[in-house]
Each structure stands twice: as C-alpha cells, then as structure tokens.
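# Results of the structural survey
Letter by letter, the chains look like this.
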Amino acid sequence: MNAPVIENLSRRGFLQGVGGLTLGFCISAPLGPAALARIAVAPATKGSPRGAPTFGFNAFLRIGSDDTVTVISKHLEMGQGTYTGLATILAEELDADWKAVRVEGAPADASRYNNLFWGPAQGTGGSTAIANSWGQLRAAGATARAMLVAAAAKRWQVPASEITVRDGVVMHAASRRRARFGELAEAAAQEKLLIDVALKKPSEFRLVGRHARRLDSADKVNGKAQFTQDVQLPGMLVAVVAHAPRFGAVLRGFDGAAAKRVKGVADVVQIPSGVAVLASDTWSAKKGRDALKLDWDEAKAFKLGTDEILAKYRELAKKPGLVAHASGDVDAAFAKAAKVIRAEFDFPYLAHAAMEPMNCVVRRTAEGCEVWNGEQLHTGDQYALAAVFGLKAEQVKINMLYAGGSFGRRANTRSDYVVEAANIVKAIDGRAPVKLVWLREDDMRGGYYRPLFHHALEAAIDAEGRLAGWRHRLVGQSILKGSPFEGMVKNGIDAVSVEGAANLPYAIPNMRVDLHSPDDIAVPVLWWRSVGSSHTAYSTEVFLDQAAKAMGKDPVALRLELLAKHPRHAAVLRLAAEKAGWDKPLAPGKPGTRRGRGVAVHESFHSYVAEVAEVTVAADGTLTVDRVVCAVDCGIAVNPDNVRSQVEGAVGFALSAALYGEIALKDGVVTAGNFDAYPILRINEMPKVEVHIVPSPADPTGIGEPPVPPLAPAVANAIGAATGRYPGRLPFRAEDLKV
Amino acid sequence: MVTLKVNGKPRQLDVSPDTPLLWALRDTLQLTGTKYGCGQALCGACNVHVDGVPTRSCVTPVSAVAGRSITTIEAVDAGRVGRAVQEAWRELDVVQCGYCQSGQIMSAVALLAANRKPSDADIDNAMAGNLCRCATYQRIRAAIHEAARKLGKEKQA
C-alpha cells in the first residue's frame, strides 16, 4: 500500500478557542483511515449545470451522468489559482478528462472540509491550500478511480487489474470494452471505498506539473463570475454604514431623519459598529449615509499619529524585549568584535486594499442564517455569526463565493465585517436579507492593517572578517494577542511577529532576536500577504547586504557561504543569480542616472524564493525597477504557469507597497481613504518579471505569499548598489534615494 | 424615468438622475459584470463604453448618458475586437482574482478598436488608469499584443 502521507508543513497553528472551538496545530497529518473516512462522507447529490444527475464519490468529488467531474474546493479562490490547482490534484489521480472538470466551493463544514494544518478549523491562509490538500485530494481521486474500475469490472465480468483509465474513459483492452465516467458513475458511487489504493508515481503524472488552464478564466473575462458584491436576493436591502472617525470612538447619538427622507432608503439602524442605512440600492444607501447627523464620543478614542507611534517604538527599542531566539554568546561576540555595524528600519501600516471592498450578504432562515461571502475563515465566522444570533455554529450556512482579492483581509480573526452584516440583520429583526457594502473609504479606514514595525539590527564582524554576532530587535503590535487565536502566542512571543527573523537561516554563531509587542495601540492589525516576512525579510536581507559591504564581500557569495546547511535556499539563490547574469556588469543607464542590481532570498510558508532586481535611480531620487529575476522552490509545481503567474503578481504587489504603501494616522485619523492617497502600482510601473522554477520532488508548498518578501529588499539592495544608501524606511522616498 | 440604450436594448430606469451609471447597471439592471472599486474614477474597475468611448461609470450620472449607447462587459463579445481580447485573456490566463478584469478588458478593447498595433507605450497610456491589485499587468500587456496579432491575422485572412 502506498499510503498518502501529508508531512508536517505548517509551523503555524491555531490553538485557542473561538467561542468554544478549539483550534489545533497539526504536527503531522498522515492520511490514515480516519482521514479517509472524512473524504468518504459524500455530499448531497446535486444536479450538474446541464441538469444531468450526479453521484457523490466522497466529500470532494461528484461525477455526473453527463461525464461532468465536479471537484469540491474547501478553499477560497481569491485569485491565487487554488480552484484550478486543487482540481488538478484530484483529476490527476482520477485520470479525468480535464475538459470535463469544474469546481464548486465547499459549504462551511469543518467535519469534512477542515484545513488539515489547522486542526478542526476550515479556512484558507498561510499559503496552505495546495500543501494541506495534496495527500487528501490525491486519495480522493485515486479511491474514486478505483470505484469506477470496480464498477466496470463487475459490469464486464473482467478482472479489475486488467482495466485502465485515461481521460475520463475506463477501458478493458482485451475485450475492447470502454465506458465513459458518466456511464459508470451511478454504479461506481455505490462501490466500497477502498483504502488500499496505489497513488501514481510522479513520472506518471499527466496533469500535475503541466500547464492546465485556469478553470475560472472564462467567467472572469465575460462578467459572469459571482462575487459577494454581485449577490442579489429577492427583497434584499443594501446597507452602507457610518463608522467611527477614530478607532475606539463610541456613538453618543444620531439623527437619521434626513437619511430616511432619501428616496430608496428603507431604514436607519444603530449597530455596535456605527449606524447602518438600508436602502433598495447602493447609491440610495450611500446618499442616506451622507445625510446622517452623528455624534461621536471620542473621549476614549485612539488619538496618536503614526509619527508618535514610531517615536514610542524607537524608545522601546532601546530596552531589551522578550527573547524570540538566542544562540551562542552574542554579547561576547560583540565584545570581541573588530567592527560593529548598525541599522534601523521603519515599516508602515499597510492596507490590503483588495479591489473588491469588504462586503457580506446575510439573511435569517428557518434553520438559522445563510451567508454569502468571499469566505476565508469559515469556522471562525460560523462561531462569530452564531454568537450574534444565538444560534449553533452548524446553523450558519455559508456560501463561499469568489473573492475579489483578499491578501489576508477576509481571514479576520474578529470576523469584523461579517459580524457587522449580521448585526444589521439582527437590528431589523431579520425581516430582509441584507448586503453590507463597504465603500472604498470604509475599507481603507477600517483598520486590520499590516502592523507598523520598527526594527533595530546590529552585526559584529570579527578580526578574521567573519560575521560573528547578530542582534535583531523588533517592535510592533502582535496580530494574535487579544484575538481568539491568542493561544498561538508562546511565552509572550507572537510567532508571526518574528517569523523570518527568529529563524534566520544564516550560519551566524551568536544570535539574539528579541521582541516588544506594545498593547496600548488601538489600531486593529491583521495578516497581510506574507505576514511577518513582509517586514522581517526586508530588515534581515538589507542589513545582510550592509554587512557584506562592510566585510568587502559579494552579496551572493556571502549568502552562499552562510547557507551551506540550507541547500534549498542556496539553490534558488544560485539559479536567480545565474539567470540574472549576476557575474556580468549591468548595462549603464541614461546620463545622470545610476543603475544597480540587488538580491534577496527568503523562505516563508516552506517555499524558497530568491529575487534579483535591477533598478535605475535618477539624480532627483526617482526610482524605476527595470527587471526582476525570480527563482522559486515550492516543491512539486502543481501548475507551473500558475506558479509563474503568482510570482509575477506578487512582485507587483510587493513593489506597490515598497513604492507607495503607507497607511498614515494623524491624531488617530487614517488620512488615506482612496487610491489617490494610497496608490497602487500601475501597468507602466510594472517591471519585466522572469520566473524560474527549481525542479523538486518534494510535496508542494505554497506560492501565494512566498514571492512577496524578497522583492522589497532586493530592490533596496539594488538601490544600495547604485547609490551607496540603503533605505531605512518604507515606502521608499525620493529624498532617501537622492545622491 | 431615465431611458438608456444598454447593450443594444433600450432600458427604462426609475432611478434619481444623479445615480451613477455604475449603480444603475448593477443594482437596477442586474448587469453585475461592471464592478465598483473606488467610486471616484481612480481605479477603472467600472469601465464601460459610452458610444464606444471608455467611460468611468462610477462618476457618470445616468442623466448624462440618457439616450446614449452603452456597452458593458456582458456584451463586449458582440464585436470582433472584444472576442479577440477575451480569447487572448483566456489563452494567457491573465486573470487572478478577476475583479478588475471587466474594466481592464473594456479599456483594452477601446485601445485595439482605435489602434490595431499598439506599442508598449501605447498600452501604458491606454491602460494606466486601470488598477489591478493582483498586478496581472505583465500578462495584460502580453494579451493585448496577442489580441492585436489575432486581429491582424483575421484581417489578412
């Protein structure tokens, strides 16, 4: 028996309860009989789009009598290509005809659809979708294939071992018999689920590792794809909410009379997070909201600006924090150092700013409530909604729709906008379904940002010119502290604050990483694509280049020297350097400009990425990123073209933040409300991106987040190479880049 | 009552005249392919064609387009250029989350209708008003070139 085994791929886990739910951290999830039993729970039989009867094989697969193969995705499709990737895995082992494959979002039901890395919780995040599903969906496909074979063997009275399957057709060569999946589906679905099924060898893969087109492309180029924003229900009201002007402000009173006079407005209700105006359509609801008179009590509201927060953090950084990593004798290394270098780095709050602003549709039903959402944290949201209505979690039915981006925002530990939608429904006694629509300004000022961080680093270089000591202090809010996921905080250290820093791969004998997590800042924070690595990769990789400079070493050579025990880091670094022509001189730019090339390598979510950036810096500090060469090792690339697509997009996403990303507060008020003040990268600023994939036999790991962290440090190191100055704050500012 | 000509059909709408075309299309006519992204003509997700010209529907009151001919993503395949663009988008798997792509496609179709062989600079000029948070820009550029190639071939044939 070739039992599929899912290795321990997650260093993350959710440990504490959400409303009584214990979220566990999976060390290892072998796909034994218990897990197979989980895939064996067949979903209710539903018609395929063409109305033909369909038959459930397990929780992840239905086959229709019209040959349609429906793969059930337990994960949210938010752009990362997971629907296509998950379907590819199952279809591979099933030997399905790819043209007959479609995907459907799973309902919220953690008993069948939990994330195997998150214990009993269903959700999408941490670049785990493909990684945690790999063994599970291979088993789902292989066992269903065996059922089809068994049904054919019975029908034809031939030995199952003589039967082959290819492209959705079951065949017996000797008797020249063949049957399409659809012809066998009804009988095959009745067959016993066999646990003892062999999986394919990688050399037998016909879909995995090849280019399968995205299954969602067609509907996303003709306007048919359904996002939460597009949901229309009979009698539905659209709600637009007036939120507090500052975090922590409390509504003292309001006058909704003028709002109620707006044509189309049906109701105005107070909810815990503000005042909701309900109307027949979005525009009327917005006009109603604009007509509200609101009286906010801001006595206890948060009133600091980002400059003051940063000043506090700089003060905190003078004192030791809680130790997140310690090895060797770091103080002795510094005492003996021939040379010590230091640097500080400031990172701003960042908004996710998904193109689809947050929204959610909720209605009360006889059974409980029903939700339509770009659902990223099913189980947490079920518990949160159940608490609003006094229901049991399983009475909350969630329809998972496409999300117009998320980047972490829809996986909210506090279920903020989902609960807001439910509170509006509750405030109108459930008399109508409600679509909560956040306008862009609500979304941008709504908090849950990537936390602002200050880092201070010191390196000790010994008399032999070696990197002997490394001190790294981080100051920034914990994402998990005070959230329902606080159990993941160990000894005061929030692992996601220091990931990428506390596990620095470089062979530096004496290291200490410590952390301050101030809890007196009321700005809500959340994971933002690549989480801790979105800042730790920058500070560590830029500082390493500064150290290389101080040591007179080449940045690639120094890294390779320090990565002797980390072959996967070293391999992507070598590949990126080779493809970028690291050893050849960079072509000069126009007169008056300086050009530079920089490198960074970083592992996050068990995938390894190196990027080499080429930049041009004009005399006035104007920066152009010309080319980015990327090398990635994410284990087996289930869909190499999607891996390339994710890397290209991640480069643009990360560059957006490096060039422009900053949520600033003034007296506690978020200054930016829309894309004029929070710019997003445009097509004319997109560098040429080249992606190279390291062939790997390892089980697949994530690709949504890992290409983000190396981009900004690679660009900063290129700026350093061009100008001699390494930007100590993000976003880059022309004044810091001027020569 | 405002009368619009949407995707070739006259439509009567009972909305206040200041209602942006975006919300009239989405909420009243249920043409939800046109997306809301910013409400201030900053992102291009709401792009439609008014008499063939790409227009930000989120800041265009219905009263300003009464009687004019409006084309949305739902009907862009009625034209040869629209079909070529959609085909190129599918072939190159441009989309990620997909939310901005209706607007991107409307801009690309207008570009190719006016310029059958756009340069990279032409693409930058025509497309710089359309934000894509997933940053699918490299493939958008490639797909526009591919659609131009297809249209060029069709013409020769």
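It should be emphasised that the depicted structure is a prediction, and the values quoted were computed from it without experimental measurement. (Residues numbered from 1 in each chain as written. Chains lettered and ligands numbered in written order. Predicted model: local features only at pLDDT ≥ 70, side-chain atom pairs only at ≥ 80, totals over all residues.)

In terms of regular secondary structure, chain A is built from 20 helices and 31 strands. Against the compact-globule benchmark of 27 Å for 739 residues, chain A has a radius of gyration of 27 Å, which places it among compact chains. Its C-alpha atoms give chain A principal-axis dimensions of roughly 80 × 70 × 50 Å. The burial tally for chain A puts 57% of its 739 residues in the buried class. Long-range contacts, defined as pairs at least 24 residues apart, comprise 75% of the intrachain contacts of chain A with a sequence gap of at least 6. (Helix = DSSP H or I, 4+ residues; strand = E, 2+ residues; numbered from the N terminus. Rg over C-alpha atoms; globule rule 2.2 N^0.38 Å. Buried ≥ 20, exposed ≤ 12 C-beta atoms within 10 Å, placed from the backbone. Contact = placed C-beta atoms within 7 Å.)

This next bit is on the overall build of chain B. Along the backbone of chain B there are five helices and five strands. Taken from the N to the C terminus, the helices and strands of chain B come in the order β-β-α-β-β-β-α-α-α-α. For chain B, the spread of C-alpha atoms along the principal axes amounts to about 45 × 35 × 25 Å. Across the 157 residues that make up chain B, the buried fraction comes to 60%. Counting only contacts in chain B whose residues sit at least 6 apart along the sequence, the fraction spanning at least 24 positions is 64%.

This part takes up helix α11 (residues 378-389) of chain A. Residue and element names in this part refer to chain A. Counted at 1.5 Å a residue, the expected span for α11 with its twelve residues is 16 Å, and the 16 Å between its end C-alpha atoms agrees. Counting buried positions along α11 yields ten of twelve residues, so the element is predominantly enclosed. For α11, the complete set of buried residues consists of H378, T379, G380, D381, Q382, Y383, A384, L385, A386 and V388. Check the buried side of α11 and you find it contacts α3 (110-113), β18 (369-373), β19 (396-400) and α12 (416-427). Backbone geometry just downstream of α11 places G390 in the positive-phi region, at approximately 70 degrees. (Expected span 1.5 Å × (residues − 1).)

With that out of the way, let us pick up the nonpolar core. In this structure, L90, A239, V277, A576, C630, V632 and V715 of chain A are the most contacted members of the largest nonpolar core, which totals 287 residues. At 15 residues, the largest contribution of residues to this core is made by helix α4 (residues 129-156) of chain A. (Core = buried A, V, L, I, M, F, W, Y, C linked by C-beta atoms within 7 Å.)

Strand pairing within a sheet occurs via backbone hydrogen bonds; the two strands may be parallel or antiparallel. Residues and elements named next belong to chain A. The strand order across the open sheet formed by five strands is β15-β25-β22-β21-β16, and the pairing between neighbours is mixed. Each edge of the sheet is formed by a strand with only one pairing partner; in this case those strands are β15 (322-327) and β16 (339-347). Averaged over all pairs of adjacent strands, the angle between strand axes in this sheet comes to 10 degrees, irrespective of strand direction. Two strands pair when backbone bridges link them, and strand β21 (residues 453-461) and strand β22 (residues 467-476) are joined in this way by nine bridges, in the antiparallel orientation. If you follow H454 over to β22, its bridge partner there is V475. Contacting β16, β21, β22 and β25 (510-516), helix α9 (residues 306-316) crosses the sheet at an angle of about 35 degrees to β21. (Pairing = 2+ DSSP bridges. Axes fitted to C-alpha atoms, helices over the stretch in contact; angles between N-to-C directions.)

Our next topic: the sheet that holds strand β5 (residues 69-71) of chain B. Residue and element names in this part refer to chain B. The strand order β2-β1-β5-β3-β4 describes an open sheet built from five strands, whose pairing is mixed. Strands with a single pairing partner mark the edges of an open sheet, and in this sheet they are β2 (9-13) and β4 (53-56). For this sheet the average axis-to-axis angle between neighbouring strands, irrespective of direction, equals 40 degrees. Pairing of strand β3 (residues 47-50) with β4, which is carried by four bridges, proceeds in the antiparallel orientation. For V50, the partnering residue across the bridge sits in β4 and is V53.

Now for the interface of chain B and chain A. On the side of chain A, 47 residues touch chain B, which itself brings 47 residues to the contact. Mapped by element, the contributors of at least two residues to the side of chain B that touches chain A are α1 (21-28), α2 (80-91), α3 (101-114), α4 (120-127) and α5 (137-156) of chain B. The residue inventory of the side of chain B that touches chain A, partitioned by class, reads 22 nonpolar, 16 polar and nine charged. (Nonpolar A, V, L, I, M, F, W, Y, C, P; charged D, E, K, R; others polar.)

Residue and element names in this part refer to chain A. For helix α19 (residues 711-723), spanning 13 residues, the distance from its first C-alpha to its last is 18 Å, which sits close to the expected 18 Å at 1.5 Å a residue. Within α19, twelve of the 13 residues are buried, which leaves it mostly tucked inside the rest of the structure. Of the positions making up α19, those classed as buried are L711, A712, P713, A714, V715, A716, N717, A718, I719, G720, A721 and A722.

This part is about unusual backbone geometry. Leaving glycine out, the prevailing phi sign among residues is negative, and the prevailing peptide bond configuration is trans. All names here are of chain A. Cis geometry marks the peptide bond from L730 to P731, where omega comes out at -5 degrees. Notably, D95 is not glycine yet its phi reads approximately 60 degrees, a positive angle. Considering the arrangement of structural elements, one finds D95 in the loop between α2 (82-94) and β6 (101-105). The backbone of F407 shows a phi angle near 60 degrees, a positive value even though the residue is not glycine. For F407, the location among the structural elements is in the loop between β19 and α12. F407 gets classed as buried once you count the C-beta atoms within 10 Å, which come to 28.

Take the environment of R568 of chain A next. Residue and element names in this part refer to chain A. For R568, the position within the fold is in helix α17 (residues 567-580). Exposure remark for R568: the 19 C-beta atoms within 10 Å place this residue in the partly exposed category. The spatial distance from the C-alpha of R568 to the C-alpha of S607 is 8.9 Å, given a sequence separation of 39 residues. Not counting the four nearest positions on each side in its chain, R568 is found in contact with Y608 and D633.

A word on the confidence of the model for chain A. Residues and elements named next belong to chain A. The predicted model of chain A averages 93 in pLDDT, with 93% of residues at 70 or higher. The model gives residues 1-38 a pLDDT under 50, and that stretch makes 87 contacts with residues more than four places away or in other chains. Low confidence marks residues 41-45, where pLDDT is under 50. Its contacts with residues over four positions away, or in another chain, come to 13 contacts. (pLDDT = per-residue confidence, 0-100.)

On to the domain arrangement of chain B. All names here are of chain B. We note that the domain assignment places domain 1 (2-75) and domain 2 (79-156) within chain B. On a C-alpha basis, the centres of domain 1 and domain 2 stand 21 Å from each other. Of all the secondary-structure elements, those providing two or more residues to the side of domain 1 that touches domain 2 are β3 and β4. The dominant element in the side of domain 1 that touches domain 2, judged by the number of residues it contributes, is β3, at three residues. For the side of domain 1 that touches domain 2, the per-class residue count stands at seven nonpolar, seven polar and one charged. (Domains from an automatic or database assignment.)

What follows is about the packing of α3 of chain B against α4 of chain B. Residues and elements named next belong to chain B. With their axes 10 Å apart at the nearest point, α3 and α4 run at an angle of 130 degrees to one another. The orientation of α3 relative to α4 falls into the category oblique. Once α3 is placed against α4, the crossing between them reads as right-handed. In this structure, α3 contributes S107, A108 and L111 to the contact, and α4 contributes D122, A126 and M127. (Parallel < 35°, antiparallel > 145°, perpendicular 65-115°, else oblique. Left-handed = near helix turned anticlockwise from the far one by under 90°.)

Okay, the domain arrangement of chain A next. Residues and elements named next belong to chain A. What the domain assignment lists for chain A is domain 1 (5-219), domain 2 (228-299 + 358-437) and domain 3 (306-349 + 449-737). Spacing between the C-alpha centres of domain 2 and domain 3 amounts to 37 Å. At the interface, twelve residues of domain 2 touch twelve residues of domain 3. In terms of residue class, the side of domain 2 that touches domain 3 is made up of four nonpolar, five polar and three charged.

Below, the discussion takes up the pairing of strand β26 (residues 593-604) of chain A. Counting buried positions over the twelve residues of β26 of chain A gives nine, a clear majority of the element. If you look at the hairpin formed by β26 of chain A and strand β27 (residues 607-618) of chain A, you'll find two residues sitting between the two strands, and F605 of chain A has a positive phi there, around 55 degrees.

The next point concerns the packing of α2 of chain B against α5 of chain B. Residue and element names in this part refer to chain B. Contact geometry of α2 with α5 gives a least axis separation of 8 Å together with a crossing angle of 130 degrees. Of the possible angle classes, the one that applies to α2 and α5 is oblique. Crossing of α2 over α5 shows right-handed handedness. Residues R80, V81, A84, V85, E87, A88, W89 and E91 of α2 form the contact with α5, whose own contacting residues are A143, E146, A147, K150, L151 and E154. Of the residues contributing to the contact of α2 with α5, the split by class is eight nonpolar, no polar and six charged.

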